[in-house]
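Here's the letter readout for the chains.
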Amino acid sequence: MTQTQNAEPDHLHAAHLVQANGAPTDLRSLTALRFMAAMWVAVYALWDNLAVTFKPAVIAKGYLGVELFFVLSGFILCHVYLASAGEKRFNYREFLWARIARVYPLHIATLLAVMALGFAALFAGMSIDGSVMSWASLPANLFMVHAWGLAPEAGWNHRSWSISAEWFAYLSFPLFAFAAWKLRHRPVTAIAGALILLGGLYFVFPRLAGFPLTEATIAWGALRIVPCFAYGCALYLAFRRAPLAMPGLIAATAAALMIAAAALQLWDGIIVALAGALILGLASLPNARAGWLSSKPAVYLGEISYSVYMVVVPWQLLAVNLAAKLTNAPDKHLHVFVWLAIVLALPLVAAASYHLVEFPARRALKGLAARRRTAAKLSRSAQSLA
């Protein structure tokens, strides 16, 4: 997300603006990071359609791209809203409406796309997994509570479970903000507490559930976001006090260590902790020194990253099935060049969904809220004059 302290512009602007701590208000490097996280998840999801017998360890850890998103969410939402929440200026209703405008239209659009593709496949006499069109799970998906243990099975646009988890964090944001504000002068304590929470849950959960929390989706997705979101809020407190010295070196070191940790298949908690260091380093990096990460192409890719993530499932259903049929690929295992074409086309499909659905719907919903606020003010003014 690319927001300032007081607003959520759809495009970055005013790069010269800085906060009291000397950091820019528009964190362009973090916007670019979102695209990298989305593509990490996308390649992880599509790898099984590649006709190879191996999976690189870094790709196998691609599900942690979601954790990166979750930590970013906590950081950015505190960047935008923490001061107003702490100073009692926070409007919860407007906050939730802005969040709905941000995520809900594309969530519904991709769900309908999967539904249309499912019906098309059935009409063409093709067999599809019955869980894809799980009618029992549809109500939970419509209300974005399908990662709260309220959906009987994964279905529709399965990747949207993380949007349901985000919705849980949005609804709970006043609690996160309350805790963060109380600890605003003790960022080290906040970060240490968040890491203890993260490590504790990552240690205890698999012993109770039988699988890692970082692999939870439908049943425990809402819990999965909690330690990451809290970690992002805590990291923001450190950033709020003062940007890091040598942020470029810290960000590059954290990125290299993340890759190495993933390649060595180290504990997920280590990789998530390093992701926090990467976020803090990039946030502290002045836009003028961020190079390509602050460029218009990188920022644009970050802007469409939500679409990249959300169209993976419908694009995979359409492109992989079509390519497998045209190339007679056994078990939908595609030749490397065919597979690579599908992966490289994903950002183009995402750009189309961004411009056709995500951006205009978000603008329309925000405009509706603005008109309602204006009408309410005019009504109050008329009543005071009566």
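This one's a predicted model, so the numbers in the text were calculated from it and none came from an experiment.

## With respect to the overall build of the protein
Turning to step 1, where the next piece is worked out: The helix and strand tally for the protein stands at 14 helices and 0 strands.
Turning to step 2, where the next piece is worked out: Scanning the protein from its N terminus toward the C terminus, one meets helices and strands in the order α-α-α-α-α-α-α-α-α-α-α-α-α-α.
Turning to step 3, where the next piece is worked out: Taking 386 residues into account, the globule formula puts the C-alpha radius of gyration at 21 Å, and the protein, at 21 Å, falls close to it.
Turning to step 4, where the next piece is worked out: Per-residue burial for the protein yields a buried fraction of 52% across its 386 residues.
Turning to step 5, where the next piece is worked out: Of the contacts formed within the protein by residues at least 6 apart in sequence, a portion of 75% connects residues at least 24 apart.
Turning to step 6, where the next piece is worked out: On the protein, roughly 17500 Å² of surface is accessible, and the fraction owed to carbon and sulfur atoms is 69%.
Turning to step 7, where the next piece is worked out: Looking at charge distribution, the protein has the averaged site of its 29 positive side-chain charges lying 10 Å from that of its 15 negative ones.

## Considering the nonpolar core
Turning to step 1, where the next piece is worked out: Counting 117 residues, the largest nonpolar core has Leu30 and Phe75 as the members making the most contacts within it.
Turning to step 2, where the next piece is worked out: For this core, the element with the highest residue contribution is helix α3 (residues 65-86), accounting for 14 residues.
Turning to step 3, where the next piece is worked out: Among all residues touching phenylalanine 75, those that are not within four sequence positions of it are Leu27, Leu30, Gly232, Cys233, Leu235, Tyr236, Phe239, Ile279, Leu280 and Ala283.
Turning to step 4, where the next piece is worked out: By size, the runner-up hydrophobic cluster in this structure holds 8 residues, among which are Val114, Met115, Val132 and Leu138.

## Here we look at the packing of aromatic side chains
Two aromatic rings are characterised by how far apart their centres lie and by the angle between their planes.
Turning to step 1, where the next piece is worked out: Applying the stated rule across the entire model yields 26 aromatic pairs.
Turning to step 2, where the next piece is worked out: Seen from their ring centres, phenylalanine 75 and phenylalanine 239 are 5.4 Å apart, and the 50 degrees between their planes marks the pair as tilted. Of this pair, phenylalanine 75 sits in helix α3 while phenylalanine 239 is found in helix α8 (residues 221-241), placing the two residues 164 residues apart along the sequence.
Turning to step 3, where the next piece is worked out: Measuring from centroid to centroid gives 6.4 Å for phenylalanine 90 and tyrosine 92, while their planes differ by 45 degrees, and the two rings are tilted.
Turning to step 4, where the next piece is worked out: In this structure tyrosine 92 comes out as partly exposed when scored by relative accessible area, which is 32%.
Turning to step 5, where the next piece is worked out: Through a chain of ring-to-ring contacts, the aromatic side chains of Tyr81, Phe90, Tyr92, Phe95, Tyr170, Phe173, Phe176 and Phe229 assemble into a single cluster.
Turning to step 6, where the next piece is worked out: Residue placement shows arginine 99 over the ring face of tyrosine 170; its charged tip is 5.4 Å from the ring centre.
Turning to step 7, where the next piece is worked out: Sitting over the ring of phenylalanine 203, arginine 207 keeps its end group 3.8 Å from the ring centre.

## Regarding the pattern of salt bridges
Turning to step 1, where the next piece is worked out: Per the stated rule, a full pass over the model turns up 8 salt bridges.
Turning to step 2, where the next piece is worked out: The shortest N-O distance in the salt bridge between arginine 102 and glutamate 358 comes to 2.7 Å. Residue arginine 102 is found in helix α4 (residues 92-123), and its partner glutamate 358 is found in helix α14 (residues 336-385); the two are separated by 256 residues along the sequence.
Turning to step 3, where the next piece is worked out: The class of arginine 102 is buried, set by a relative accessible area of 9%.
Turning to step 4, where the next piece is worked out: In the salt-bridge network here, residues are joined through shared partners; they are Arg102, Glu358 and Arg362.

## A look at the confidence of the model for the protein
Turning to step 1, where the next piece is worked out: Summing up the model confidence of the protein, the mean pLDDT is 91 and the portion of residues at 70 or higher is 93%.
Turning to step 2, where the next piece is worked out: For the protein, the element scoring lowest by mean pLDDT is α14, at 91; helix α6 (residues 161-182) scores highest, at 98.
Turning to step 3, where the next piece is worked out: Contacts for the low-pLDDT stretch residues 1-18, under 50 throughout, to residues beyond four places or in other chains number 54 contacts.

## Description of unusual backbone geometry
Turning to step 1, where the next piece is worked out: Although it is not a glycine, methionine 144 adopts a positive phi angle of roughly 55 degrees.
Turning to step 2, where the next piece is worked out: Locating methionine 144 in the fold gives a position in the loop between α5 (138-142) and α6.
Turning to step 3, where the next piece is worked out: Of note in the backbone geometry, glutamine 265 takes a positive phi value of approximately 55 degrees without being a glycine.
Turning to step 4, where the next piece is worked out: Residue position: glutamine 265 is located in the loop between α9 (247-263) and α10 (268-283).

## Considering α8
Turning to step 1, where the next piece is worked out: Over its 21 residues, α8 extends 31 Å from the first C-alpha to the last, a length consistent with the 30 Å expected when each residue adds 1.5 Å.
Turning to step 2, where the next piece is worked out: Within α8, 18 of the 21 residues are buried, leaving the element largely enclosed by the surrounding structure.

Scoring rules and cut-offs
- Residues numbered from 1 in each chain as written.
- Predicted model: local features only at pLDDT ≥ 70, side-chain atom pairs only at ≥ 80, totals over all residues.
- Heavy atoms only, no water.
- Helix = DSSP H or I, 4+ residues; strand = E, 2+ residues; numbered from the N terminus.
- Rg over C-alpha atoms; globule rule 2.2 N^0.38 Å.
- Buried < 20%, exposed > 50% of the residue type's maximum accessible area, 1.4 Å probe, protein only.
- Contact = heavy atoms within 4.5 Å.
- Areas by Shrake-Rupley, 256 points an atom, 1.4 Å probe, with all protein chains shown as cover.
- Lys, Arg positive; Asp, Glu negative; His and termini not counted.
- Charge placed at Lys NZ, Arg CZ, Asp CG, Glu CD.
- Core = buried A, V, L, I, M, F, W, Y, C linked by side-chain atoms within 4.5 Å.
- Phe/Tyr/Trp six-rings, centres within 6.5 Å; stacked < 30°, edge-to-face > 60°.
- Lys NZ or Arg CZ within 6 Å of the ring centre and 35° of its normal.
- Salt bridge = Lys/Arg side-chain N within 4 Å of Asp/Glu carboxyl O.
- pLDDT = per-residue confidence, 0-100.
- Expected span 1.5 Å × (residues − 1).

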